[in-house]
Amino acid sequence: LITSRIVPIREFGINAAAGVLIAYITVVLFTTIWLSLSPNHQLLRDDRGRYFWYNSMNWLYSISRKRARFIWLAALFVLIVCGIGISKVSTNYKIEENLPRGEKVTEDFHFFEENYFGFRPFEIAITYTDEEGVQNFRALEEINRLELHFADYADIRSVSSPAALYRLLYQFSRGELMGEGTFPPDRESFEQLEAFSQFARAIEPNILTSPDGSRARISSNIADVGADSIKVISASIMDFIYSEMDTQRAEFRITGTGLIIDKNAQYVRENLLQGLGLAVLLVSILMMLLFRQPLMLLAGLLPNLFP
């Protein structure tokens, strides 16, 4: 466990190892003293107990020798069943799964998921490599198209982007006070709104764009549908970006705390599997070295792999 890069698991490994060593020292120092103070008749078992284990182990030994082929086939069958079972384990991690069942905090979580926009953020970070940045017609028109593409996914809610300001200003410039608004259809219409947009940006904090205009983000919330489902949505959005956006002048990247949660769950799972695999391998190698028999590597692997 000390090979893990996850600090709590590493500390658990150190504490567990220290506990085993302390138990060993305690047994060696104190148990022998206690045994020396005890009468012999309390330490020795009667013959019935010894004969029971002797006969039982002999019976198991004879069964193992006589039915070796059957045992191998049964073991293979169990491993296949276990392999199929492991493949069915869901990795579709949800925030809800970490919440206590039947508690108020879980009810609150469900209430916000059903009646508001939910807790899980889903964001696209855009970094521009040219000097123009985000505050120009070409960049904002692309952002608007990407934001509208988000509407194709029922699980994505409450989308915000830098293009929303221009949709609102263009709506007002046409005397429309209601409706969703449309983005300026051409560069001329866009430039007519520049004076208003500069004033609006001056009083509005830089939440969706950086002060120098080199970075922007599309911010939204997504339903807690699971890490695997969100991965499918993310892949679909990235396909749209690579086919419809100018990726030569801007880098698009999915970001946000939701992505960190998913990566952390995957990271923990992979680290635990690596740690368990290393532990099984080390135990088997130690058994082979202690008994000086290469076949003991197999004997050590089997009892550790089955659990």
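This text follows the structure it describes.
Procedures and definitions
- Residues numbered from 1 in each chain as written.
- Predicted model: local features only at pLDDT ≥ 70, side-chain atom pairs only at ≥ 80, totals over all residues.
- Heavy atoms only, no water.
- Helix = DSSP H or I, 4+ residues; strand = E, 2+ residues; numbered from the N terminus.
- Expected span 1.5 Å × (residues − 1).
- Buried < 20%, exposed > 50% of the residue type's maximum accessible area, 1.4 Å probe, protein only.
- Contact = heavy atoms within 4.5 Å.
- Pairing = 2+ DSSP bridges.
- Axes fitted to C-alpha atoms, helices over the stretch in contact; angles between N-to-C directions.
- Patch = residues over 30% accessible without salt bridge, like charges linked within 9 Å, V, L, I, M, F, W, Y side chains within 5 Å.
- Areas by Shrake-Rupley, 256 points an atom, 1.4 Å probe, with all protein chains shown as cover.
- Salt bridge = Lys/Arg side-chain N within 4 Å of Asp/Glu carboxyl O.
- Phe/Tyr/Trp six-rings, centres within 6.5 Å; stacked < 30°, edge-to-face > 60°.
- Core = buried A, V, L, I, M, F, W, Y, C linked by side-chain atoms within 4.5 Å.

On to helix α11 (residues 257-291). An α-helix turns once per 3.6 residues; consequently, residues spaced three or four apart project the same way. Between its first and last C-alpha atoms α11 spans 51 Å; for 35 residues at 1.5 Å apiece the expected length is 51 Å, and the two agree. Within the sequence span of α11, burial applies to G258, D262, A265, N271, G275, V280 and S284. In this structure, the buried residues of α11 make contact with β1 (121-128), α10 (227-244) and α12 (295-305). Looking one or two places after α11, you find R292, whose phi comes out positive at around 55 degrees.

It is worth spelling out the sheet that holds strand β4 (residues 250-255) at this point. Taken in spatial order, the four strands line up as β2-β3-β1-β4 in an open sheet, and their pairing is antiparallel. Both edges of this open sheet fall to β2 (156-160) and β4, since each of them pairs with a single strand only. Direction aside, neighbouring strands of the sheet carry axes that sit 20 degrees apart on average. For β1 and strand β3 (residues 215-222), the ladder comprises seven bridges, and the chain directions are antiparallel. Note that in β3 the partner of E123 across the bridge is S219. Relative to the sheet, α10 contacts β1, β2, β3 and β4, its axis offset from that of β1 by approximately 30 degrees.

This part takes up the pairing of β4. Of the two faces of β4, the one holding A250, F252 and I254 is buried and the one holding E251, R253 and T255 is not buried anywhere. As defined by bridge partners, β1 adjoins β4 across six bridges and the pair is classed as antiparallel. Paired with T127 across the two strands is E251, which belongs to β4.

Inspection of the secondary structure puts N144 in helix α6 (residues 137-150). Not counting chain neighbours up to four residues away, the residues in contact with N144 comprise A163, R167 and F183.

Further remarks concern a nonpolar patch on the surface. Together, Y24, I25, V28, L29, F30, I33, W34, L35, L37, L43 and L44 make up an exposed nonpolar region whose accessible area comes to about 1,200 Å². It is helix α1 (residues 7-37) that provides the largest number of residues to the nonpolar patch, a total of nine residues. Its location among the elements puts Y24 in helix α1. Taking the relative accessible area as the measure of exposure, Y24 reaches 58% and is therefore exposed.

Moving on, we get to helix α7 (residues 163-173). Within α7, burial applies to A163, Y166, R167, L169, Y170 and Q171. G175 occupies a position one or two residues after α7 and carries a positive phi of about 80 degrees.

Another point: the packing of aromatic side chains. Taken as a whole and judged by the stated rule, the model has nine aromatic pairs. When the centroid spacing of 5.9 Å and the interplanar angle of 85 degrees are considered together, the rings of F111 and F112 count as edge-to-face. What makes F112 partly exposed here is its relative accessible area of 38%. Note on Y166 and F183: the rings are 6.4 Å apart at their centroids and 55 degrees apart in plane angle, and the pair reads as tilted. Highlighted residues: Y166 in helix α7 and F183 in the loop between α7 and α8 (187-192), separated in sequence by 17 residues. Grouped by ring-pair contacts, the aromatic residues F109, F111, F112, Y116 and F119 constitute a single cluster.

Take the nonpolar core next. Residues I124, I143, L146 and I237 are the most contacted members of the largest nonpolar core, which totals 30 residues. For I124, the contacting residues outside a window of four places in its chain are L146, F150, A216, R217, I218, I237, I241, F252, R253, I254 and T255.

None of this, on its own, says anything about what the molecule does.
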